[in-house]
Structure formats: C-alpha cells, structure tokens
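Here are the chains, one letter per residue:
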Amino acid sequence: MSLALENITFSYNSVPVLNTITQEIKKGEFIGLVGPNGSGKSTLIKCINGILKPGEGKIKIDQAELSALNRITLAKKIGYVPQERATLPQSTVFDTILLGRKPYIKWKLNKADKQIVIKIIKQLNLESIAMKSVRALSGGERQKVFIARALAQEPDILLLDEPTANLDINHQIEVMQLLHKITKQNYTIIAAIHDINLAIQFCSGFIMLKSGKLFASGGKEILKKKNIESLYNAKVNMTEVNGNAFFIPVSNDL
Ligand code: ADP
Ligand code: MG
C-alpha cells in the first residue's frame, strides 16, 4: 500500500498552515515526521487520516483518492493514534481495543473479532492488564493500548501523533521498538516525533516540516547538522551513538 501526497495545502480559517506538500511514502516504511512546534505535523496527520480536508491537492492510497473513500473503507486502511486525550474511555483495556474492530462490525461481534483482539493483546504483552480500566493505567501502558486499538482496525497505514510524548525513556524505547517491529509486518507508519535522537534510531525515513513546507525528506542522510540547525533555528553539536547521528542542543550564551 503506497501513500502519495500531491500538493497538499491546508488553512485554518484562511490562515495557511500546509503549503503544497508533495511526498510519496512506500509500503513498509517507518516515517518520522519531524519539525518545530507549529510546523504542521499534526495538521498533516489529520489530513492523511481524513479528519481534515486539504484545501487543495490530493492524497492517494494505492492510486485511489482518499476523498472518494467512505469512512468505513478509510478506517480499514488507516489507523490513527491521536496525541491529545482529554477524555479517557471508562472501559477495560480489552473493550477499548475491541472498539478498533468497529469498521468491521455490522451489529454483532463475531468470534473472529475477539480473536483478533486476543492476538494483539498477546503480541503487545498486555495480558496482565487486559481487564483493567484504561483510566487505571500508566502513560506507557495506555499508549500501548491505543496503539493496540489502532492495530485491531487492521489498517495498512498507521498514523501516530507524538506517540512517545510524556513517556519515560524506557517506555519511549518500548513504544518505538514496537512500532519498528510492526513495520516489519508490512504496515506503513508515519509518526510525528519530537525527539530527533529517538527517531533516528528507529525510523527508516524522515519528513521534515518547517512552517508548513516540506523542508527535506529522505533517509538518515538528511539528518545532518546543517539541516537540523536550520530546521529548528537552533545551534546543535553532532556526535555519533551506535552508528547514528546524535544531536545535542547548545546554548549560544555558553
Ligand atoms: P505541530 O503538530 O507541528 O506542532 P500543528 O499542525 O498542530 O503543528 O499546527 C500548525 C499551525 O496551525 C500552528 O500555527 C497552529 O497554531 C495552527 N493550528 C493548529 N490547529 C489549529 C486550529 N484548530 N485552529 C486554528 N489554528 C490551528
Ligand atoms: Mg502536533
């Protein structure tokens, strides 16, 4: 399943936020969507998810135009793990994940739906918390549950908005490892990620947004000092950790 963005433009109340974004994303990629606060990452994810409609441009999934797909068809193709979670479900982990099956359920659950949920619970090691309330979980557990719910949708493309925000380093790694593993199972993942040093360890490709424009895209080779400094308007030092670039912000005052 390939995803093509063609000249995507989006405005909130006539304030332009995305400016002619063109990008192709191949199946099996784990794309880190990076860029400063307010650069349009969440907006782009919402356009790909169909929550927002681009003012201009086209989004194509395997040649089919996204705008021509109905919500149920779209939900079978694209899963979404949003960032903001003002209200948490009152339900158990199991029931929350089961909700991911909604696009497939007419009025009655069948055995296969439950089996898919059980499979995902095992795969993500959520057995011990399956009957807990989502509200009683830690941030890291909760994030895995929402990823599990999106996986229960059996989408081809998984979109995540800052999946590691507010997680401690151990859970950041756990979630990124999980996503990395999932891409090996033929998912295509696009995740907005704040931490460039985390993204570089796990992502296969990168899309850099700056002020709503595509600043650069490609593999690890685009994560170089010059690009990072210009992308974030910040001074950084670059070193190497485990064969990957590692960026350390530096203050001009020191
Ligand atoms: P990012 O996720 O990269 O931080 P966003 O996509 O959230 O960026 O925001 C891009 C720009 O759009 C920002 O200037 C932000 O203030 C603006 N924006 C985001 N959401 C809305 C909204 N619902 N209404 C108006 N402006 C918005
Ligand atoms: Mg955002």
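Throughout this document, residue positions are counted from 1 along each chain, in the order its sequence is written. Going through the entries in the order they are written, you letter the chains from A and number the ligands from 1. With the structure being a predicted model, the display of local features is reserved for residues of pLDDT at least 70 and the display and counting of side-chain atom pairs for 80 or more, all residues being used for whole-chain, interface and lining totals. By convention in this description, side-chain values take in all heavy atoms of the structure and omit both hydrogens and water.

(A) Main features of the packing of helix α5 (residues 139-152) against helix α6 (residues 169-183). Where α5 meets α6, the axes come as close as 10 Å, and the angle between the chain directions of the two elements is 15°. Classified by the interaxial angle, the pair formed by α5 and α6 is roughly parallel. The chirality of how α5 crosses α6 is right-handed. Between α5 and α6, the residues in contact are Gly140, Gln143, Lys144, Ile147 and Leu151 and His171, Glu174, Val175, Leu178, Leu179 and Ile182, respectively. Under the grouping applied here, Gly and all other residues not named as nonpolar or charged are polar, the nonpolar ones being Ala, Val, Leu, Ile, Met, Phe, Trp, Tyr, Cys and Pro and the charged ones Asp, Glu, Lys and Arg. Of the residues contributing to the contact of α5 with α6, the split by class is six nonpolar, three polar and two charged. Angles run from 0 to 180 degrees between N-to-C directions of axes, and those axes are lines fitted to C-alpha atoms, restricted for helices to the stretch in contact. Only DSSP runs of H or I covering at least 4 residues are called helices, and only runs of E covering at least 2 are called strands; the numbering of each starts at the N terminus. In this scheme, roughly parallel covers angles under 35 degrees and roughly antiparallel covers those over 145, while 65 to 115 is roughly perpendicular and the rest are oblique. Should the near helix be turned counterclockwise from the far one by less than a right angle, the crossing is left-handed, whereas a clockwise turn marks it as right-handed. When checking whether two residues touch, look at their non-hydrogen atoms; a contact exists if any pair is within 4.5 Å.

(B) Representation of the nonpolar core within the structure. By nonpolar core we mean a set of buried residues, namely Ala, Val, Leu, Ile, Met, Phe, Trp, Tyr and Cys, connected to one another through side-chain atoms within 4.5 Å. Buried, partly exposed and exposed residues are distinguished by accessible area as a fraction of the type maximum, computed with a 1.4 Å probe on protein chains only: under 20%, between the cut-offs, and over 50%, respectively. Counting 53 residues, the largest nonpolar core has Ile97, Ile147, Leu179 and Ile189 as its most contacted members. It is α5 that provides the largest number of residues to this core, a total of seven residues. Non-local contacts of isoleucine 189, meaning those with residues more than four positions away in its chain, are made with Glu29, Phe30, Ile31, Leu158, Leu160, Leu179, Ile182 and Thr183. Ranked by size, the runner-up nonpolar core spans 28 residues in total, among them Ile31, Ile59, Leu74 and Ile207.

(C) Main features of the pairing of strand β12 (residues 244-250). Pairing between two strands is assigned when DSSP locates at least 2 bridges connecting them. Relative to β12, strand β11 (residues 235-241) runs antiparallel, the two being bridged by seven bridges. Looking at the pairing, lysine 235 lines up with valine 250 of β12. A loop of two residues connects β11 with β12, the two strands running antiparallel in sequence, and asparagine 242 in this loop sits at a positive phi of about 50°.

(D) Spotlight on the site of ligand 1. Whether a residue is near a molecule or strand depends on its heavy atoms: if one lies within 4 Å, it is near. Around ligand 1 sit Tyr12, Val17, Pro36, Asn37, Gly38, Ser39, Gly40, Lys41, Ser42 and Thr43, and that is every residue in its neighbourhood. Definition of a polar contact: a pair of N or O atoms within 3.5 Å, with one able to donate and the other able to accept a hydrogen when the atoms are protein atoms, and with sequence-neighbouring residues admitted only if both atoms are side-chain atoms. Here an oxygen atom of ligand 1 sits 3.2 Å away from a polar atom, N or O, in the main chain of serine 39. Isolated, ligand 1 exposes 560 Å² of accessible area, and the fraction of that covered by the protein chains is 55%. With three residues, the single largest contributor to the shell around ligand 1 is helix α1 (residues 41-48). Among the residues forming the shell around ligand 1, the class breakdown is three nonpolar, six polar and one charged. Residue burial considers only the protein chains on display, and all accessible areas are found by Shrake-Rupley using a 1.4 Å probe.

(E) Layout of the pattern of salt bridges. We define a salt bridge as a side-chain nitrogen of Lys or Arg found within 4 Å of a carboxyl oxygen belonging to Asp or Glu. If you walk through the whole model with that rule in mind, you get five salt bridges. In this structure, the salt-bridge partner of glutamate 154 is arginine 101, at a minimum N-O distance of 3.3 Å. Placement of the pair is glutamate 154 in the loop between α5 and β7 (157-161) and arginine 101 in the loop between α3 (93-98) and α4 (111-123), with a sequence separation of 53 residues. A salt bridge links glutamate 174 to lysine 144; its shortest N-O distance comes to 2.6 Å. Linking glutamate 174 in helix α6 with lysine 144 in helix α5, this pair joins segments that are 30 residues apart in sequence. Bridged by salt links that share partners, the residues Arg101, Asp113 and Glu154 form one connected network.

(F) Seen up close, the environment of phenylalanine 10. The topology assignment puts phenylalanine 10 in strand β1 (residues 3-12). The exposure class assigned to phenylalanine 10 is buried, which follows from its relative accessible area of 7%. On a C-alpha basis, the gap between phenylalanine 10 and asparagine 49 in space is 14 Å, while along the polypeptide they are 39 residues apart. Apart from residues no more than four positions distant in its own chain, phenylalanine 10 is found in contact with Val15, Pro16, Val17, Leu18, Thr43, Cys47, Leu52, Lys53, Pro54 and Gly55.

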